[in-house]
Amino acid sequence: MMTVFEVHLAEGSDGAGLLSDEVLSETGAQVMTLQEAALVGFQGLQALEGSGNVRLIAVRARDAAWIHRCLETHGAVTAFRAHQVD
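Residues numbered from 1 in each chain as written. Predicted model: local features only at pLDDT ≥ 70, side-chain atom pairs only at ≥ 80, totals over all residues. Heavy atoms only, no water.

### Structural notes on the sheet that holds strand β3 (residues 53–60)
Within a sheet, adjacent strands bond to each other through the backbone by hydrogen bonds, running parallel or antiparallel.
Right, so step 1: With antiparallel pairing, the four strands of this open sheet are ordered in space as β2-β3-β1-β4. Two strands close off the open sheet at either side, each with one partner strand: β2 (30–32) and β4 (77–85). If you compare each strand with its neighbour and ignore which way they point, the axes differ by 20° on average.
Right, so step 2: In the sheet, strand β1 (residues 2–9) pairs with β3 via eight bridges, with the strands oriented antiparallel. The residue bridging Leu9 from the neighbouring strand is Asn53, located in β3. (Pairing = 2+ DSSP bridges. Helix = DSSP H or I, 4+ residues; strand = E, 2+ residues; numbered from the N terminus. Axes fitted to C-alpha atoms, helices over the stretch in contact; angles between N-to-C directions.)

So, in C-alpha cells, the structure goes:
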C-alpha cells in the first residue's frame, strides 16, 4: 500500500527543499510535478484552478506519518491531502 500526498505550495514556491535529503533517503519518497506523475502512470491528475503550484509525494504507507509531519511544518506548504493507493 502507498500514500500519495497532494501538496499545494505558496505562490512563487518551486517545491525545492520540500523534503530534506535525509527524509528522501530514509523513506524513498518520490516528489513529482503533475507532469512527472503522469509519466509514471498517475493519469488524469490536474491542478484545481487557482490552486497554485502542486507536487505529489508518493511514499510507502508506513512512512506516511513522517511525511505528514514534514509537510505540516514546511513554510511553503499552504495545504495538502493524503490519498491511499493500493
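### Things to note about the pairing of β1
Regular strands have side chains that alternate between both faces of the sheet.
Right, so step 1: For β1, a buried count of seven out of eight residues is recorded, marking the element as mostly surrounded by other parts of the structure.
Right, so step 2: One ladder, built from eight bridges, connects β1 with β4; its direction is antiparallel. Along β4, the bridge assignment pairs Val7 with Phe80. (Buried < 20%, exposed > 50% of the residue type's maximum accessible area, 1.4 Å probe, protein only.)

### Brief notes about the side chain of His8
Right, so step 1: Locating His8 in the fold gives a position in strand β1.
Right, so step 2: Note on His8: relative accessible area 11%, which makes it buried.
Right, so step 3: A distance of 2.9 Å separates a polar atom in the side chain of His8 from a polar atom in the side chain of Glu6. (Polar contact = N/O pair within 3.5 Å; in protein donor to acceptor, adjacent residues only side chain to side chain.)

So far we have only geometry, and geometry alone does not tell us how the molecule works.
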